[in-house]
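Structural overview for review
Chain residues, written in single-letter form:
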Amino acid sequence: MSKNRLLQRDIKQVKQPPYIIKPDEIRKYDLKNLIFNRVVTDPNWPGHQRMIDERVPEMLKDPQPGYTHVDFALEEAAWTLHDTFQGSFARSRIPKYRKPKAEIDHDLSTIPYKVENPARMSIYVKRAAQLFGASLTGICQLNLNWLYADTEIPRNCNTAIVMAIEMDPEGIATSPAIPASSATGVGYSRMGFVLALLGEFIRNLGYDAIQCGNDSGISIPLAIDAGLGQLGRHGLLITPQFGSRVRLCKIFTNLPLRPDSPIDFGVTETCRRCKRCAEACEVDAISFDDEPTFTPKCSSNNAGALKWYVDSELCYEFWCNNGGDCSTCISVCPYTKNTFDKVPLQPEEFWTLKT
Ligand code: SF4
Ligand code: SF4
């Protein structure tokens, strides 16, 4: 596939999600295996007790382009809403601290909206999500396999609204320099904003909304089920609109909605040939194998699916050495849509005002 040449006719709606799983081997993911949890709990791994920002003070003594005090200040600021606003991941009505002078004598959530037409309701939800800042929204029946092992949600919240939030293209294109981490942080903060507003919209209609970022369930298979894209060799969702330059979040709800169809636009076939992400990864965390496999690379992988498993231990250790996260496998992917021709951009090209 040549860069940015994906056409609408290349995107096929399919009946089944475009992944292969072994039903007997697929397990709900145990969060104790998550790489960020193993930093605390797994003394047998070299990444134990290593933090992503541990090298920042040392790096500031000899600042390099893209790793200056200004870059790190931006990166920390970018995460602020995600890290501080508890309403982002609410499971029930978000308390308001600014009360109107006169008490409102009604609560819309106590007046259930009668949904006559789930397809029409789905359009309302998608338009609301778009207004609040979601770049893409898809809907699917919730496959319980994709919940984490310890997640409990009401049985009737069996629909997932999955949203993709576009990340800043210039920022991501500087990866692994710190402006890429800033673009990631803003993606997470915008995720919290969208979740809170859409969650309250659903509650105002009298239904439940369980707002989730990376918590509660695995976002990528949910996004595939909801028709947002396909899984790439680099272990990330690829969307037709933005490639992998998105963050994902979801809301579980009992609001009656019409599910979307999954899509297939040939990602698996492209990844068999391409390998550009594997070549660009500085620590060989991405497989060069021609064919996907059922064999995981490390204990943080979720077994039972046919895919190219990414060695998330090597990936995390690179982040720690880098002083920030990395998006190189996102930026080099030919599906990632940009308005500029070359990647990587230099940090000073990110620090240029857009007209
Ligand atoms: S995020 Fe960076 S280190 Fe991790 S797999 Fe992608 S390219 Fe490799
Ligand atoms: S860079 Fe190539 S191999 Fe990697 S995910 Fe993108 S299309 Fe697939």
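Above this note sits the structure.
Here the structure is a predicted model, which means the values were calculated and not measured.

Definitions and limits used
Residues numbered from 1 in each chain as written. Chains lettered and ligands numbered in written order. Predicted model: local features only at pLDDT ≥ 70, side-chain atom pairs only at ≥ 80, totals over all residues. Heavy atoms only, no water. Near = heavy atom within 4 Å. Nonpolar A, V, L, I, M, F, W, Y, C, P; charged D, E, K, R; others polar. Core = buried A, V, L, I, M, F, W, Y, C linked by side-chain atoms within 4.5 Å. Buried < 20%, exposed > 50% of the residue type's maximum accessible area, 1.4 Å probe, protein only. Helix = DSSP H or I, 4+ residues; strand = E, 2+ residues; numbered from the N terminus. Contact = heavy atoms within 4.5 Å. Pairing = 2+ DSSP bridges. Phe/Tyr/Trp six-rings, centres within 6.5 Å; stacked < 30°, edge-to-face > 60°. Lys NZ or Arg CZ within 6 Å of the ring centre and 35° of its normal. Axes fitted to C-alpha atoms, helices over the stretch in contact; angles between N-to-C directions. Salt bridge = Lys/Arg side-chain N within 4 Å of Asp/Glu carboxyl O. Left-handed = near helix turned anticlockwise from the far one by under 90°.

**With respect to the site of ligand 2**
In the neighbourhood of ligand 2, the contacting residues comprise Arg-233, His-234, Ile-238, Cys-271, Cys-274, Lys-275, Arg-276, Cys-277, Cys-333, Pro-334 and Tyr-335. Taken together, the residues of the shell around ligand 2 sort by class into seven nonpolar, one polar and three charged.

**Examining the nonpolar core**
Ranked by size, the top nonpolar core spans 25 residues in total, and within it Ile-161, Met-163, Leu-198, Ile-202, Ile-251 and Leu-255 carry the most contacts. Per-element tally for this core: the top contributor is helix α7 (residues 178-204), with six residues. Those residues within four positions of Ile-202 in sequence are excluded, and the remaining contacts are Ile-161, Tyr-207, Asp-208, Ala-209, Ile-251, Thr-253 and Leu-255. Judged by nonpolar contacts, the second largest core, of 23 residues, contains Leu-147, Ala-160, Cys-212 and Leu-228.

**Considering the side chain of Thr-137**
With respect to the helices and strands, Thr-137 occurs in strand β2 (residues 136-141). Excluding its chain neighbours within four sequence positions, the residues that come into contact with Thr-137 are Lys-126, Ala-129, Ile-161, Val-162, Met-163, Leu-228 and Asp-260.

**Points about the pairing of strand β3 (residues 159-166)**
Burial of β3 is extensive: seven of the eight residues sit out of reach of the surface. In terms of strand pairing, β2 meets β3 through six bridges, oriented antiparallel. Bridging across to β3, Gly-138 finds its partner in Val-162. Bridge count for β3 against strand β7 (residues 246-253) is eight bridges, and the pairing is antiparallel. Paired with Ile-161 across the bridge in β7 is Ile-251.

**A word on the packing of aromatic side chains**
Enumeration according to the criterion identifies eight aromatic pairs in this entry. When the centroid spacing of 4.7 Å and the interplanar angle of 20 degrees are considered together, the rings of Trp-79 and Tyr-188 count as stacked. One end of the pair, Trp-79, is in the loop between α3 (69-78) and α4 (80-84); the other, Tyr-188, is in helix α7, and 109 residues separate them in sequence. The same class applies to Trp-79 as to Tyr-188, namely buried. The aromatic ring of Phe-294 is capped on one face by Lys-22, whose charged end is 4.4 Å from the ring centroid.

**Some details on the sheet that holds β2**
Each strand in a sheet pairs with its neighbour through backbone hydrogen bonds, running either in the same direction (parallel) or in the opposite one (antiparallel). If you trace the four strands from one edge of the open sheet to the other, you get β2-β3-β7-β4, paired in antiparallel fashion. Of all the strands in the sheet, the pair left with one neighbour each is β2 and β4 (209-212). Mean inter-strand twist for the sheet, computed between neighbouring axes without regard to direction, equals 20 degrees. The strands touched by helix α5 (residues 118-132) are β2 and β3; relative to β2, the strand with the most contacts, the crossing angle is about 140 degrees.

**As for the pattern of salt bridges**
Between side chains of opposite charge, pairing is possible as soon as their charged atoms come close. If you walk through the whole model with that rule in mind, you get 18 salt bridges. The shortest N-O distance in the salt bridge between Glu-200 and Arg-93 comes to 2.9 Å. In this pair, Glu-200 is assigned in helix α7 and Arg-93 in the loop between α4 and α5, connecting sequence segments 107 residues apart. The partly exposed category is assigned to Arg-93, whose relative accessible area is 30%. Between Asp-290 and Lys-275 there is a salt bridge, with the nearest N and O atoms lying 2.4 Å from each other. Within this pair, whereas Asp-290 is found in the loop between α10 (276-280) and α11 (312-322), its partner Lys-275 is found in the loop between α9 (267-273) and α10, the two being separated by 15 residues in sequence. Given the relative accessible area of 16%, Lys-275 is considered buried.

**Things to note about the environment of Gly-138**
Within the element layout of this structure, Gly-138 appears in strand β2. Exposure remark for Gly-138: the relative accessible area of 0% places this residue in the buried category. C-alpha separation for the pair Gly-138 and Gly-229, spaced 91 residues apart in sequence, amounts to 9.8 Å. Setting aside residues up to four positions removed in sequence, Gly-138 forms contacts with Ala-160, Ile-161, Val-162, Ala-226, Leu-228 and Asp-260.

**Considerations on the packing of α5 against α7**
At a minimum axis distance of 9 Å, the contact between α5 and α7 shows a crossing angle of 145 degrees. Between α5 and α7 lies a crossing of right-handed hand. In contact with Tyr-124, Val-125, Ala-128, Ala-129 and Phe-132 of α5, α7 contributes Phe-193, Val-194, Leu-197, Leu-198 and Phe-201. For the contact of α5 with α7, the per-class residue count stands at ten nonpolar, no polar and no charged.

**Description of unusual backbone geometry**
Put simply, Ser-175 and Pro-176 share a cis peptide bond, and its omega is 10 degrees. A cis amide bond, omega 5 degrees, links Val-343 with the succeeding residue Pro-344. As for its position among the elements, Pro-344 is in the loop between α12 (328-331) and α13 (347-350). Located in the positive-phi region is Gln-49, a residue other than glycine, with phi close to 65 degrees. Looking at the element boundaries, Gln-49 is found in the loop between α1 (35-41) and α2 (56-60). Assessed through its relative accessible area of 51%, Gln-49 is described here as exposed.

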